[in-house]
Amino acid sequence: MEFKFSEENLQKIEQILKKYPTKQAAVMPVLYLAQEQHGWISKEVMLKTASVLEINEEDVYGVATFYTMYHKKEMGKHHIQVCTNVSCMLRGGYQIYDAVKEKLGLENGEVSSDKKFSLEEVECMGSCGTAPMIAVNEDYFENLDKEKALQILDSLN
Amino acid sequence: MEKIVLPEIENFHQIEVYLQHGGYEAAKSAFSQTTDQIIDTVKKSGLRGRGGAAFSAGLKWSFMPKNNDKPKYLCVNGDESEPGSFKDRQILEYNPHQLIEGTIIACYAIGAKSAYIYVRGEYHKWIKLLEKALADAYEKGFVGEKMKETFATDFSCNIYVHKGAGAYICGEESSLMNSIEGKRGYPRVKPPFPAQNGLWGNPTTINNVETITNIPPIIKKGWEWFSAIGEPKHPGTILFGVSGHVNNPGVFELPSGTLLTDIIYKYASGVIDDKKIKCVIPGGSSMPPLRGDQLEGVKMDAESLKAVGSAIGTGGIMVMDEDTDLVRVLARIAKFYYHESCGQCTPCREGTGWMLKILNRIVRGEGTKKDVDLLVTIAKNIEGNTVCALGDAAAWPVKFMIERFREEFDAVVKDEVSLEPKNKVHSMRETANPITPVQV
């Protein structure tokens, strides 16, 4: 599938380039823009990013595959991230993770067939003092228990 | 107790409120001094880095070369990904202007025209808050070209926010620089150190968000005032993030040298259900854990923690009660480092996966005593044999958890390796066709 940056995003890229002395340095913010527009980083997105920034394709590929927040496949509309690292684990992170897995019928990294949900077991999100937590796309939900976490899932449509 | 980094003032994150309380006056006073004077003040204040290594901030600044035509850079490290650490996000939310003001002063002191504040990608909300504060500071003329007019100086600098994308390793300073350059976050071999060869090969200083936020009050009130707070060898306040089995988890700004037991029982309101403490990790998950019976009298500063066999790290205190399964905790920690190892150095790339495999085996109840010894051997072979400190960070919890809680591991492992084969294979003599005895 072909990918093109929107006019608005092309203007944003111009602004981003002003922040850095090299074009390569803009690759991370530009990949974020692409992901916002396209939903995930496909091969076409990487190629387009490389041509817009006039940098090597393999460098874009290297960056997109190194960082976990660039999705290399299409994720659900609601990307559910459950932290199970120590601070969350001590306060019931795994109970929440297991309950979410059961409710969505998904394993780590899977996407539901209707593309509504995807699930990821994430590493520490910096919510240790308000543990346990889940994040839905960009939003944090903290101080949870199993019931509250399931209620949040119910409220998503 | 006076709060330096997180003052308890309502709406302090708003530029108007910040200005009402003397905001950006420290920057003004800084521009009336020479850069050497500022570096000297920070040196004398005794301020030590809050990102984990606790290195003297003033000394670090003084490594930046002078009389050098190359552009210089400042990186402010807000990658904050160490499990148990959640302090920088409080600064981004409640006191972004002091961070910005500190960044301006640091830029001036080291001669940097550009500063990058690197914030971890998951902090979408906090990045937006910081960007809002930064836009306000630009508008009021505290940053950028307009600051020449505002502060009546010939110096100006720009501050940019760079968003990470979910890699723990980018909290390591050289990896952070590669990430800003738009590369994979691989740590670099040191030397050369960033002050000689940093961002795009130019002189660069990297400071933690909390370190930089301490700068404006030091400039405003003087080094004598700052160096008198807390422990003389590690002065100032520290943001302690308490998590785990406590009644009141959260971030507490307290003088360095505050008793660990005070932080847990007084500020975090003690352990849930008044249980006993089995284990405390005092500085984020990579720091050596302490036993519950080791905590009495332990002061929270770099030197005191070193003396009891741990380290201050990022001040993330993880409390585990008497019912905690430490084998599972260690397996979870090992999983984290396995996930986050960048894969550049063999001991870390292979060792973290190997340790996780063994720990998972022990958790399943299939481990042996030899496995526990093997874990220690692997950890010792990772430690010190990698380009960056992630190797040590992965090795220390394993090494020290087993050293200090050996009985927890021995209780769940078998004594000997079972030699009983899982798939019974007959010996050649039994399976082969009967051999006719050789006739003599």
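Caption draft 1: Expanded view of the interface of chain A and chain B. With 31 residues of chain A in contact, the opposing surface of chain B contributes 42 residues. At the level of elements, α2 (27-38), α4 (57-66) and α5 (86-90) of chain A are the ones that each hand at least two residues to the side of chain A that touches chain B. Residue classes in the side of chain A that touches chain B are distributed as 19 nonpolar, nine polar and three charged.

Caption draft 2: Examining the sheet that holds strand β7 (residues 277-281) of chain B more closely. All names here are of chain B. If you trace the five strands from one edge of the open sheet to the other, you get β6-β5-β9-β7-β8, paired in mixed fashion. Here the strands that pair on one side only, and so sit at the sheet edges, are β6 (250-255) and β8 (290-291). Pairing analysis gives four bridges linking strand β5 (residues 237-244) to strand β9 (residues 316-321), with the strands arranged parallel. Within the sheet, the bridge partner assigned to Gly241 lies in β9 and is Gly316.

Caption draft 3: Region of interest: the packing of α2 of chain A against α4 of chain A. Residue and element names in this part refer to chain A. Running from amino to carboxyl end, α2 crosses α4 at an angle of 70 degrees, the nearest separation of the two axes being 11 Å. Considered as vectors, α2 and α4 are oriented roughly perpendicular to each other. Taking contact as the criterion, the partners of Val27, Met28 and Leu31 in α2 are, on α4, Val60, Val63 and Ala64. Here the contact of α2 with α4 is composed, by residue class, of six nonpolar, no polar and no charged.

Caption draft 4: Inspection of the sheet that holds strand β2 (residues 114-119) of chain B at higher detail. Residues and elements named next belong to chain B. Here four strands make up an open sheet; going across it, the order is β3-β2-β1-β4 and the pairing parallel. For this open sheet the edge positions go to β3 (158-163) and β4 (204-208), each flanked by a neighbour on one side alone. Between one strand axis and the next, the sheet turns through 20 degrees on average, direction left out of account. Relative to β4, strand β1 (residues 73-78) runs parallel, the two being bridged by five bridges. Bridge pairing links Tyr73 to Thr204 in β4. Running over the sheet, helix α6 (residues 96-110) touches β1, β2, β3 and β4 and is turned about 145 degrees from β1. Sitting on the sheet, helix α9 (residues 173-180) touches β1, β2, β3 and β4, and the angle it makes with β1 is about 110 degrees.

Caption draft 5: Layout of the pairing of β5 of chain B. Residue and element names in this part refer to chain B. Within β5, eight of the eight residues are buried, which leaves it mostly tucked inside the rest of the structure. Pairing geometry for β5 and β6, over six bridges, is antiparallel. From the neighbouring strand, Ile238 faces β6, where its bridge partner is Leu254. Counting the residues between successive antiparallel strands, the hairpin from β5 to β6 contains five residues.

Caption draft 6: View of the nonpolar core. One finds Cys75, Ile105, Phe240, Ile263 and Val319 of chain B to be the most contacted residues of the largest nonpolar core, which totals 172 residues. Apart from residues lying up to four places away in sequence, Cys75 of chain B is in contact with Tyr116, Tyr118, Leu176, Met177, Ile180, Leu199, Thr204 and Ile206 of chain B.

Caption draft 7: Layout of the environment of Asn95 of chain B. Residues and elements named next belong to chain B. Inspection of the secondary structure puts Asn95 in the loop between α5 (88-94) and α6. Along the backbone, Asn95 and Phe12 are 83 residues apart, and their C-alpha atoms lie at a distance of 6.2 Å. Leave out the neighbours within four places in its chain, and Asn95 touches Val5, Leu6, Phe12, His13 and Thr213.

Caption draft 8: Local environment of the environment of Ala311 of chain B. Residue and element names in this part refer to chain B. Within the element layout of this structure, Ala311 appears in the loop between α14 (302-307) and β9. In this structure Ala311 comes out as partly exposed when scored by C-beta crowding, with 19 C-beta atoms within 10 Å. Expressed as a C-alpha distance, the spacing of Ala311 and Gln14, which sit 297 residues apart in the sequence, is 35 Å. Residues contacting Ala311, with those up to four places away along its chain left out, are Gly283, Met287, Pro288, Leu305 and Lys306.

Reading the values: rules and limits
- Residues numbered from 1 in each chain as written.
- Chains lettered and ligands numbered in written order.
- Predicted model: local features only at pLDDT ≥ 70, side-chain atom pairs only at ≥ 80, totals over all residues.
- Contact = placed C-beta atoms within 7 Å.
- Helix = DSSP H or I, 4+ residues; strand = E, 2+ residues; numbered from the N terminus.
- Nonpolar A, V, L, I, M, F, W, Y, C, P; charged D, E, K, R; others polar.
- Pairing = 2+ DSSP bridges.
- Axes fitted to C-alpha atoms, helices over the stretch in contact; angles between N-to-C directions.
- Parallel < 35°, antiparallel > 145°, perpendicular 65-115°, else oblique.
- Buried ≥ 20, exposed ≤ 12 C-beta atoms within 10 Å, placed from the backbone.
- Core = buried A, V, L, I, M, F, W, Y, C linked by C-beta atoms within 7 Å.

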